[in-house]
Amino acid sequence: MSILGATFSQQVNPNWQTYIMICFYFIILLIIGYYGYKKATSNVSEYMLGGRSIGPYVTALSAGASDMSGWMIMGLPGEVYSTGLSAIWLAFGLTLGAYINYFVVAPRLRIYTEKANDSITIPDFFKNRLDDQSNIIKIISGSIIVIFFTLYTHSGMVSGGKLFNSAFGLDYHLGLILVAIIVIAYTFFGGYLAVSLTDFFQGVVMFIAMIMVPVVAMLQLNGLDTFSQAADLKPTNLDIFKGTTLIGIISFFAWGLGYFGQPHILVRFMSIQSVKQLTTARRFGIGWMAISLLGSVVVGLTGIVFVDKQDLTLQDPETLFIIMGQILFHPLVGGFLLAAILAAIMSTISSQLLVTSSSLTEDFYKLFRGEETAKKHQKEFLLVGRLSVLIVACIAIIIAWHPNDTILNLVGNAWAGFGAAFGPLVIFSLYWKGLSRTGAISGMVSGTVVVILWIVFVKPLGKYNDFFNLYEIIPGFLVSLIVTYIVSLLTKKPEYNVKKEIENIRLLTKVKHK
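What counts, and at which threshold
Residues numbered from 1 in each chain as written. Predicted model: local features only at pLDDT ≥ 70, side-chain atom pairs only at ≥ 80, totals over all residues. Heavy atoms only, no water. Helix = DSSP H or I, 4+ residues; strand = E, 2+ residues; numbered from the N terminus. Areas by Shrake-Rupley, 256 points an atom, 1.4 Å probe, with all protein chains shown as cover. Salt bridge = Lys/Arg side-chain N within 4 Å of Asp/Glu carboxyl O. Buried < 20%, exposed > 50% of the residue type's maximum accessible area, 1.4 Å probe, protein only. Axes fitted to C-alpha atoms, helices over the stretch in contact; angles between N-to-C directions. Parallel < 35°, antiparallel > 145°, perpendicular 65-115°, else oblique. Left-handed = near helix turned anticlockwise from the far one by under 90°. Contact = heavy atoms within 4.5 Å. Nonpolar A, V, L, I, M, F, W, Y, C, P; charged D, E, K, R; others polar. Core = buried A, V, L, I, M, F, W, Y, C linked by side-chain atoms within 4.5 Å. Patch = residues over 30% accessible without salt bridge, like charges linked within 9 Å, V, L, I, M, F, W, Y side chains within 5 Å.

Draft legend 1. Spatial organisation of the overall build of the chain. Along the chain, the regular secondary structure elements total 21 helices and zero strands. Accessible surface computed for the chain: about 19400 Å², of which carbon and sulfur atoms make up 66%.

Draft legend 2. Summary view of the pattern of salt bridges. All told, the structure shown has six salt bridges when counted by the stated rule. Put simply, Arg52 and Asp118 hold a salt bridge, and the shortest N to O gap is 3.0 Å. With Arg52 in the loop between α3 (44–49) and α4 (56–83) and Asp118 in the loop between α6 (106–115) and α7 (122–129), this pair connects stretches of sequence that are 66 residues apart. Across the pair Asp124 and Lys138 runs a salt bridge whose closest N-O atoms are separated by 3.2 Å. Of the two residues, Asp124 is situated in helix α7 and Lys138 in helix α8 (residues 136–168); the sequence distance between them amounts to 14 residues. Residue class for Lys138 comes out buried when judged on its relative accessible area of 1%.

Draft legend 3. Spatial organisation of the packing of α6 against helix α12 (residues 263–271). Packing of α6 against α12 leaves a shortest axis separation of 8 Å and a crossing angle of 65°. With respect to each other, α6 and α12 are oriented roughly perpendicular. With respect to the hand of their crossing, α6 and α12 are arranged in right-handed fashion. Contacts between α6 and α12 pair Ala106, Leu109, Arg110 and Thr113 from the former with Leu266, Phe269 and Met270 from the latter. Within the contact of α6 with α12, the residues separate by chemical class into five nonpolar, one polar and one charged.

Draft legend 4. The nonpolar core, seen in detail. In terms of nonpolar packing, the biggest core is built from 156 residues, with Ile73 and Met346 touching the most fellow members. If one sorts the elements of this core by residue count, helix α9 (residues 172–220) sits on top with 18 residues. Apart from the residues lying within four places of it in its own chain, the contact partners of Met346 are Tyr25, Phe26, Leu29, Val179, Ile182, Val183, Tyr186 and Gln202.

Draft legend 5. Expanded view of a nonpolar patch on the surface. A contiguous nonpolar surface patch, about 670 Å² in accessible area, is contributed by Ile147, Leu151, Leu383, Leu387, Leu390, Ile391, Ile395 and Ile399. Looking at the nonpolar patch, the elements that each hand over two or more residues are α8 and α17 (378–400). Counting through the fold element by element, Leu151 comes out in helix α8.

Spelled out as structure tokens, the structure:
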């Protein structure tokens, strides 16, 4: 792990006001966790999905905050600082992908998951959609969720450790544990409602921060002329096509493909109160996302000039937001900005912990104990869900103890894994009557394997040919799509009348939107 240079360490010393703001922020999260515990944790459905009663604004910001994570505040500004404006292709790809996801997936998934035996998890939906009595598809998809989300969660832990190390000079491992304890506390007790409400609160904090920092930085520097100065320092800084390659642009844009298969985002669509509210959620959520990502890009651009003017030593670009927030603002406001980073980190960790816990409980433990036992012994399954949160968090901490990659890369690998494994399958499940169980399993496995092989064996060849630097979600998604389709054509279809069921979903979606 790289750390900040000596120059920064000498200039920034958070005082007691900053610490008070952080403590106040932690207290709010714990209060929300307690509220969630009292309001919606009486059964497994409430703990895992909020009883499908979440409103549009909470749904929108919960989806956005759990999606953006620490990479929006730390990873993306660092990428812009390093490569220039060409990194904005990543923001374009994500915004477009999220927007399409609200139209293509959200309405049908909300109706279909409830209709398909009230499916609480994505693996449960696949199992019910394909009438898989063997539970093979549930076990495989559940395993993919547990593996990739454990890796995904650990990237958030790394972000938390970096934050406390860079901003407070605390030991990285201590920061790691502090973040983990707070997230585990409100997720463990409050469940989905607590996670959604804290995401809403954290989304508001993130939004304010992503406007404040670039605006104040530009006022402190030279207004809009700051961008010209960034170009003077390096001409490619303001060129959307320079500082990267065609493969780089395609790879950034391809991040949008991942939205169709991210369980922690898809579960937000499943939990909203009604399909009709998705229109409000889409407008609110995409607006929040577009402005926040634009702010993140501007932080990176203004940071180029800011670091040069301040004569700072910046060894780790991903700590740029921390530096600017602490130098530009009063310690109390600086504490608020550090809270914004914590908000981004914690909102994602909590969502991932809960989805992984849901999978371990619903997709594995229920198979062991049986459906009837699950209905009769809700408290037992609630306990298993909470213990799963604790176990996954501990494993993520262990993996994050010795970080060896950037936050953006860590998130990118897990994002690609989910996008390739589940993206094509979710779309086929909602729209294609010809999907078969064998086709679904083959597509999931092939997409996952291609992503892993590309990361391990193909990407290292990028130093010889830029094509091999292609983002792994592209080959993974395409292989999964093709394999699912071809194998489904060649194998036995589900025995029940899925054609009629999908037509009913289509009609219901239209009716609910009116």
